[in-house]
Amino acid sequence: KYLAEFLKTNQTLVSLELGFNWINKYGIKYLVDALKINKTLTSIDLNNNFISTKGSKYLGDLLKVNSILK
């Protein structure tokens, strides 16, 4: 939640490695909401987390509106 709050105002961080952090669908929801606002981050690694089907839907919806992430 705190990371997501930071990402809403981030103007320098372009890459973020969050693999193996036990992030679940609730954490992904916080991140997605922040990344809908963030226009700086171009890369995020979420490998080996617990995102679930619901979290994957949140990410898919994000990619429809965020063209900066690669």
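Visitor: Could you clarify how one ought to interpret the packing of helix α2 (residues 25-35) against helix α3 (residues 52-65) in this entry?
Guide: Angle between the axes and distance between the axes: these two values describe a pair of packed helices. Here α2 crosses α3 at 5°, and the two axes come no closer than 9 Å. Considered as vectors, α2 and α3 are oriented roughly parallel to each other. When α2 is examined against α3, the residues Lys25, Ile28, Lys29, Val32 and Leu35 are found in contact with a partner set consisting of Ser52, Lys54, Gly55, Tyr58, Leu59 and Leu62. When its residues are assigned to classes, the contact of α2 with α3 shows six nonpolar, two polar and three charged.

Visitor: In this structure, what is going on with the environment of Lys70? I would like to understand it.
Guide: Turning to its location among the elements, Lys70 is positioned in the segment after α3. For the pair Lys70 and Ser43, spaced 27 residues apart in sequence, the C-alpha to C-alpha distance is 5.8 Å.

Visitor: Sorry, what's going on with α2 here?
Guide: Every α-helix winds through 3.6 residues per turn, so residues three or four apart in the chain are directed the same way. All of the buried residues in α2 are Ile28, Leu31, Val32, Ala34 and Leu35. Along α2, the residues classed as buried sweep out an arc of 160° about the axis, all on the same side.

Visitor: Help me understand the environment of Leu3, please; the structure alone is not making it clear to me.
Guide: Within the secondary structure, Leu3 sits in helix α1 (residues 2-9). Setting aside chain neighbours within four positions, we find Leu3 in contact with Leu16, Leu18 and Leu31.

Visitor: Before we go on, may I ask you to explain unusual backbone geometry in this structure?
Guide: Excluding glycine, residues mostly carry a negative phi; peptide bonds, for their part, are mostly trans. Phi is positive for Phe20, close to 60°, though the residue is something other than glycine. Along the chain, Phe20 turns up in the loop between β1 (15-17) and α2. Taking relative accessible area as the criterion, Phe20 reaches 59% and is therefore assigned exposed.

Visitor: It is not clear to me how the side chain of Asn49 should be interpreted in this structure. Could you clarify?
Guide: In this fold, Asn49 is placed in the loop between β2 (43-45) and α3. A distance of 2.9 Å separates a polar atom in the side chain of Asn49 from the backbone nitrogen of Ile23. Of note is the side chain of Asn49, whose polar atom sits 3.3 Å from the backbone oxygen of Asn47. Aside from chain neighbours lying at most four places away, what touches Asn49 is Leu18, Gly19, Phe20, Asn21, Trp22 and Ile23.

Procedures and definitions
Residues numbered from 1 in each chain as written. Predicted model: local features only at pLDDT ≥ 70, side-chain atom pairs only at ≥ 80, totals over all residues. Heavy atoms only, no water. Axes fitted to C-alpha atoms, helices over the stretch in contact; angles between N-to-C directions. Helix = DSSP H or I, 4+ residues; strand = E, 2+ residues; numbered from the N terminus. Parallel < 35°, antiparallel > 145°, perpendicular 65-115°, else oblique. Contact = heavy atoms within 4.5 Å. Nonpolar A, V, L, I, M, F, W, Y, C, P; charged D, E, K, R; others polar. Buried < 20%, exposed > 50% of the residue type's maximum accessible area, 1.4 Å probe, protein only. Arc of directions from axis to C-beta. Polar contact = N/O pair within 3.5 Å; in protein donor to acceptor, adjacent residues only side chain to side chain.

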